[in-house]
Amino acid sequence: MIMSEIDLINTIISVSAICGLLILLKRIRTSGVKNNLEDRFEAIIWIVSVFLTSRIVFSFTGADLFRFMTFATAAVIPLGVLLLTERLLRRHAPRPAKILLAGGAFVFVLLALFPAITASFFFAMALLAFQLSGFVIAGVLVVLRDRSSLSPTEDITIKRVSLSLVVILPCVMTDFQLVKVWMPVQLSGLAILVTCWLFLSMWQPKLQRKIFITVLTLFAVAAGLSAAVMAWRYELNATEWMQTAALVLSVHMLALIIRDALYLAEAERQNAVFSKIGFGVVPSLESYLEDLSRSGVLDGTLLLGERHLSEFDNEAIGARFGTALVLASGDLPVESALDTLAESQLRALFDRYAATHLILVSRLPLTIAVMRQPGFTTLDIDPELQAAFRIAQLVSQCELLSGSSTAEKRGAS
């Protein structure tokens, strides 16, 4: 079967959506302890993935098996969405709603066995109405939720789910022939990408909803402008312009999902080091710094130990830091002639390593981290990095106290 241009565009959008779903699935599986909510997330992800994959293969082959799988999974999706919403709200959905969606799914799965029925206009409209009813029921439950029974984090998650439903409802309609007159591209894959991105943001609960709306708007505008430029350059008509815009936006959304997933994975890898502190598994400053280095926390920094600082007055430099953890190059006198001995030596370190910040890791033995803040400013360093070196100071102090205690015991014996 020869694939048309629109089928190719729909396939690329669907493949992008499948990639987004798999990234979200991996994130869920590596996020922590398994529970019923995560199980329902995984179930709906697999159902939607099978739906998209079956639709792609059916468009290539026209095989009855993949036609059946496409319509069968499409019929099950509304029930899966309701069960997921039910678990998010921590309350049971109305019994009539469950019976309606479960019974409807069963009927449509049976009807999907007959190619002649699935090819009819009335079957398509009935399936569309059924899918929309499932999303509308989930939306009503979200709007009427009991906020007093939800934690602030759970309520934020529900708000993001409601935002995804706003995107899904109109996009689902574009999968059916009725609306292909004015929207000649299937946008369900694009809606799935947006939903994956919103669900991925659950690991960033402090981000406000207006940020997501702003980002989505900017991406949509950027995709529209990119498509407009290509339409002007290659003389595309309105239909081709809409198809191009949808394609560009789907690729951009997948790139955004990949970026956020990589960021979350890196942050989790770094936080794993800090989580060990609470369990007392840091035997020494050296091992702690090695853990920080392996986790990537120290990327962009250089550690200077006794060997590197042997030519400097360590005691004077430690005294110049005082109670401060970080010294920026701007903390030194404007005129080098006004430097004290310690400031003169610190200036030499700034100049030697082209650094913007010096961080006191340990006083005895003196250990300093050197870093250059990216950009044109010398703003404060990252708070997480400051916290890491603050812990390093505590570990160093514990080592000193432990060493002093051991020496006193030996002297007493």
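None of these values were measured; they are calculated from a predicted model. All residue numbers refer to positions counted from 1 along the written sequence of the respective chain. In keeping with the model being predicted, local features are shown solely for residues with a pLDDT of at least 70 and side-chain atom pairs are shown and tallied solely at 80 or more, while totals for entire chains, interfaces and linings include all residues. Note that the side-chain values use all heavy atoms of the structure and ignore hydrogens as well as water.

J.: Let's hear about the nonpolar core: which residues, and what values?
T.: Side chains that are nonpolar tend, in soluble globular proteins, to be buried together. Definition of nonpolar core: a set of buried residues of the types Ala, Val, Leu, Ile, Met, Phe, Trp, Tyr and Cys, connected through side-chain atoms within 4.5 Å. Whether a residue is buried, partly exposed or exposed follows from its accessible area with a 1.4 Å probe, protein chains only, as a fraction of its type maximum: under 20%, in between, or over 50%, in that order. Ranked by internal contacts, the top residues of the largest apolar core, which has 73 residues, are Leu52, Trp197 and Met253. Ranked by the residues each element gives to this core, the list is headed by helix α6 (residues 121-143), at 11 residues. The contact criterion used is simple: two residues touch if any of their non-hydrogen atoms lie within 4.5 Å. Those residues in contact with tryptophan 197, other than ones at most four positions away along the chain, are Phe212, Val215, Leu216, Met253, Leu256, Ile257 and Asp260. Val297, Leu325, Val361 and Ala388 belong to the second largest nonpolar core, which has 18 residues in total. What counts as a helix is a DSSP run of H or I of at least four residues, what counts as a strand is a run of E of at least two, and both are numbered from the N terminus.

J.: Lay out the packing of helix α3 (residues 64-89) against α6 in plain terms, naming residues and giving numbers.
T.: Only the stretch in contact is used when fitting a helix axis, every axis being a line fitted to C-alpha atoms; angles between N-to-C directions are given from 0 to 180 degrees. Contact pair α3 / α6: the axes reach a minimum separation of 9 Å and the direction vectors enclose 5°. Our classification of the angle between α3 and α6 gives roughly parallel. On α6, the residues touching Phe71, Ala74, Ala75, Ile77, Pro78, Val81, Leu82, Thr85 and Leu89 of α3 are Phe123, Leu127, Phe130, Gln131, Gly134, Phe135, Ile137, Ala138, Leu141 and Val142. Residue polarity is assigned by list, with Asp, Glu, Lys and Arg as charged and Ala, Val, Leu, Ile, Met, Phe, Trp, Tyr, Cys and Pro as nonpolar; anything else, Gly included, falls into the polar class. Looking at the contact of α3 with α6, its residues break down into 16 nonpolar, three polar and no charged. Angular relationships are summarised with four words: roughly parallel below 35 degrees, roughly antiparallel beyond 145, roughly perpendicular across 65 to 115, and oblique for the angles in between.

J.: Got a sec to walk through helix α9 (residues 209-234)? Specific residues and values, please.
T.: Any helix carries an expected span of 1.5 Å times its number of residues minus one. The end-to-end C-alpha distance of α9, which contains 26 residues, comes to 37 Å, matching closely the 38 Å that a straight helix rising 1.5 Å per residue would cover. Of the positions making up α9, those classed as buried are Phe212, Leu216, Ala223, Gly224, Ala227 and Ala231. Downstream of α9 by one or two residues, glutamate 235 has phi in the positive range, about 55°.

J.: Go over unusual backbone geometry, please, and point to the residues and values.
T.: With a phi angle near 55°, arginine 90 is a residue other than glycine that sits in the positive phi range. Relative to the assigned elements, arginine 90 resides in the loop between α3 and α4 (95-111). A relative accessible area of 46% means that arginine 90 is categorised as partly exposed. The backbone of alanine 354 sits at a positive phi, close to 50°, despite the residue not being glycine. Following the sequence through the fold, alanine 354 ends up in the loop between α13 (341-353) and β3 (357-363). Overall, the relative accessible area of 41% leaves alanine 354 in the partly exposed class.

None of this, on its own, says anything about what the molecule does.
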